[in-house]
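# Fold and contact review
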Amino acid sequence: MKEYWGSLASILGVLAFCQSLLQVLIPPELRFATLKLFNRIFNMFTSYCYFDITEIDGVNTNELYNAVQLYLSSCVSISGSRLSLTRALNSSAITFGLTNNDTLFDTFNGVTVLWEHIVTQRQAQTFSWRPLPDEKRGFTLRIKKKDKSLILDSYLDYIMEKANDMRRKNQDRLLYTNSRGGSLDSRGHPWESVPFKHPSTFETLAMDPVKKAEIMEDLKDFASGQSFYQKTGRAWKRGYLLYGPPGTGKSSMIAAMANHLGYDIYDLELTEVHNNSELRKLLMKTSSKSIIVIEDIDCSINLSNRKKGSPNNSSSIGRSYCDPEMRSGTGVSSGDEGGNSITLSGLLNFTDGLWSCCGSERIFVFTTNHIDKLDPALLRSGRMDMHVFMSYCSFPALKILLKNYLGSAESELDEGVLKGLEEVVDKAEMTPADVSELLIKNRRSKDKAVLELLEALKSKAEMKLKSGGCVGEKNLNNVEEEEQEKRALESPKEGCDFEDSVKKEEGDEEKKIK
């Protein structure tokens with residue numbers, strides 16, 4: 001045994017001596033040229049070619065490396081036996097990845113490729129503007145030479161697109177609002193954001209199932225219609241108008257749309273936008289795959305029907321619906337007082353003009369309690385493509401609410417009570433919000449909740465029948481007055497004007513009494 005190890009040591013010594021002798025006798029340039037020649041000969045006979053994708057490109061992060069890493073995570077999670085786990089910032093999911101120097105096969109359009117994750121120690125760093133990681137990471141893609149054109153033209157683009165979709169689905173959605181007075185944040189952005197955690201989905205949305213399915217199908221066609229919109233020469237956007245009485249689920253519908261598509265939401269407060277130019281800048285700072293929302297558009301600014309307006313009505317629209325000038329339809333606002341100068345034309349161009357196509361895959365959603373108050377130019381197809389009426393609680397919607405809040409399926413309810421609910425729910429004209437409140441109060445006792453709901457529906461239906469349908473209109477007017485008062489108090493100046501008008505009305509009433 002000692003003789004064997006002695007012979008091996010001698011051989012190794014001879015090889016080391018020969019290597020040292022070759023390094024002395026053969027110049028480095030000649031060794032490099034010889035190695036290059038051998039590589040060319042090898043490449044002539046091999047049927048594969050190799051592409052390296054490094055993590056760091058100079059001093060910048062290589063986006064393709066991150067995309068490949070995320071894309072391969074979907075394959076690795078199924079077939080891999082030794083995985084690395086990561087969780088990105090603002091992400092709700094854990095992603096899998098290849099470990100050091102591991103390999104994985106992938107197939108694209110019938111072509112098989114090999115990915116290898118290469119991790120090596122980085123040599124001593126020279127001067128750099130930022131410190132580099134100790135390890136040098138990268139992916140090596142091995143493909144056959146005959147498939148080179150197919151892979152480079154389509155496969156890498158497919159990886160980037162797939163990775164973007166995965167990143168969007170894994171990342172928590174955000175709810176944006178424009179900064180007060182048009183101010184910018186620390187990064188120079190006009191939008192402020194918070195994580196969007198609204199749990200509403202189409203499954204829990206209290207709405208007629210047929211209408212719900214129609215909206216979901218329309219959203220599906222829009223999200224997958226990039227080629228269609230390009231072929232027809234249309235901007236990849238779509239508009240939805242949600243209208244109906246307060247409490248019918250318009251905000252919940254928006255949240256369900258965002259959760260269904262995985263889009264961010266931009267809640268645009270028009271009273272904080274000073275002019276058309278600022279409105280365009282806000283649009284330019286929105287991202288693709290997003291929903292741009294203007295809620296209660298009939299209350300935030302004056303977009304009344306010009307055919308019903310006064311002769312003095314111009315295209316300008318003022319800062320607040322509660323401003324007396326805006327109620328009269330003049331739309332004139334003094335610049336010295338810090339008012340807005342948004343015009344109806346500016347808002348129309350915002351939704352359907354040249355600036356509306358500066359991004360892609362965006363949805364515009366407007367909500368209103370009174371569709372008849374809006375100008376027809378805003379409602380036409382191309383701006384608001386789909387009009388969705390959010391009605392009072394119907395029997396199919398009621399069954400969804402019973403399942404959501406009480407966990408009661410239709411088969412678990414008493415047939416007599418169920419039939420009574422079906423007969424009276426349409427006559428009562430109660431909103432899903434009111435029905436939900438009754439069920440929440442009695443959610444610990446299912447029988448009590450259903451019986452109390454039935455009595456409330458019967459009582460409201462009888463009141464509506466006695467008053468000839470005026471009860472619903474009266475309640476709607478009360479809600480409108482509360483909303484107008486709330487919006488007036490949001491601005492100090494408008495709040496003072498509102499309080500002064502109330503005091504003046506009270507003084508006039510006292511004089512009449514005297």
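First, a word on what this report is: a plain description of the structure on this page. As the structure is a computational prediction, the values presented were derived from the model and not from experiment.

Enumeration over the complete set of coordinates arrives at 14 aromatic pairs. Aromatic side chains W115 and F139 sit 6.2 Å apart centroid to centroid with 90 degrees between the ring planes, which places their arrangement in the edge-to-face category. Taken together, the residues W115 in strand 7 (residues 111-121) and F139 in strand 8 (residues 135-144) connect sequence positions 24 residues apart. No difference in accessibility class separates W115 from F139, as the two residues are buried. Ring centres of F222 and Y229 lie 5.9 Å apart, and the angle between their planes is 80 degrees; this geometry places the pair in the edge-to-face category. According to the relative accessible area criterion, F222 is buried, its value standing at 1%.

Quick look at the pattern of salt bridges now. Close approach of charged atoms allows side chains of opposite charge to pair. Overall, the coordinates contain 6 salt bridges when judged by the stated rule. In this structure, R380 and D352 form a salt bridge, with 2.8 Å as the shortest nitrogen-oxygen distance. Pair noted here: R380 is in the loop between helix 12 (376-379) and strand 15 (386-389) and D352 is in helix 11 (residues 344-352), with a separation of 28 residues, a long-range link. The class for D352 is partly exposed, based on a relative accessible area of 26%.

Now for the nonpolar core. Core analysis: the largest hydrophobic core is formed by 27 residues, its most contacted members being M253, M257, I291, I363 and V365. Where this core is concerned, the elements lending two or more residues are helix 5 (209-223), strand 11 (237-243), helix 7 (250-261), strand 13 (290-294), strand 14 (362-368) and strand 15. Considering each element in turn, this core owes the most residues, 7 residues, to helix 7. In contact with M253, other than residues within four places in its own chain, are F202, L205, M207, I215, L242 and M390.

Counted residue by residue, strand 11 has 6 buried out of 7 residues, so it is predominantly covered. Two strands pair when backbone bridges link them, and strand 11 and strand 15 are joined in this way by 4 bridges, in the parallel orientation. Residue Y240 lies in a different strand from strand 15, and its bridge partner there is M386.

Moving on: helix 13 (residues 395-406). Taking 1.5 Å per residue as the helical rise, helix 13 with its 12 residues ought to reach 16 Å, and the 16 Å between its terminal C-alpha atoms agrees with that figure. Taken as a whole, helix 13 has its buried residues at F395, A397, L398, I400, L401, L402 and L406. Buried residues in helix 13 make contact with helix 5, helix 14 (415-428), helix 15 (432-441) and helix 16 (446-467).

Time to look at the pairing of strand 6 (residues 103-108). Residue alternation in strand 6 divides its side chains into a buried set, L104, D106 and F108, and an unburied set, T103, F105 and T107. For strand 6 and strand 7, the ladder comprises 6 bridges, and the chain directions are antiparallel. Within strand 7, the residue paired with L104 across the bridge is W115. Adjacent in sequence and paired antiparallel, strand 6 and strand 7 are bridged by 2 residues, among which N109 carries a positive phi angle near 50 degrees.

Here we come to the sheet that holds strand 1 (residues 48-54). Overall, antiparallel pairing links the 4 strands, which are arranged 1-8-7-6 in an open sheet. Each having just a single partner strand, strand 1 and strand 6 make up the two edges of the open sheet. On average, each strand axis in the sheet is inclined to that of its neighbour by 25 degrees, with strand direction left out of account.

Time to look at the sheet that holds strand 14. The strand order 10-9-12-13-14-11-15 describes an open sheet built from 7 strands, whose pairing is mixed. With one partner strand each, in any of the chains shown, strand 10 (191-195) and strand 15 form the two edges of the open sheet. Each adjacent strand pair in this sheet contributes to an overall mean axis angle of 20 degrees, direction not counted. Relative to strand 14, strand 11 runs parallel, the two being bridged by 7 bridges. Paired with G239 across the bridge in strand 14 is F364. Of the strands in this sheet, strand 11, strand 13 and strand 14 are in contact with helix 11, which crosses strand 14 at around 140 degrees.

Right, let's talk about unusual backbone geometry for a bit. With phi around 50 degrees, D296 is a residue other than glycine that occupies positive phi space. Note that D296 resides in the loop between strand 13 and helix 9 (297-300). Of the residues examined, D296 reaches a relative accessible area of 17% and is grouped as buried.

Turning our attention to the environment of F350. Among the structural elements, F350 can be located in helix 11. Once the C-alpha coordinates of F350 and L283 are considered, the two residues, 67 residues apart in sequence, prove to be 7.5 Å apart. Excluding its chain neighbours within four sequence positions, the residues that come into contact with F350 are L268, L279, L283, I292, S356 and F364.

About the cut-offs
- Residues numbered from 1 in each chain as written.
- Predicted model: local features only at pLDDT ≥ 70, side-chain atom pairs only at ≥ 80, totals over all residues.
- Heavy atoms only, no water.
- Phe/Tyr/Trp six-rings, centres within 6.5 Å; stacked < 30°, edge-to-face > 60°.
- Helix = DSSP H or I, 4+ residues; strand = E, 2+ residues; numbered from the N terminus.
- Buried < 20%, exposed > 50% of the residue type's maximum accessible area, 1.4 Å probe, protein only.
- Salt bridge = Lys/Arg side-chain N within 4 Å of Asp/Glu carboxyl O.
- Core = buried A, V, L, I, M, F, W, Y, C linked by side-chain atoms within 4.5 Å.
- Contact = heavy atoms within 4.5 Å.
- Pairing = 2+ DSSP bridges.
- Expected span 1.5 Å × (residues − 1).
- Axes fitted to C-alpha atoms, helices over the stretch in contact; angles between N-to-C directions.

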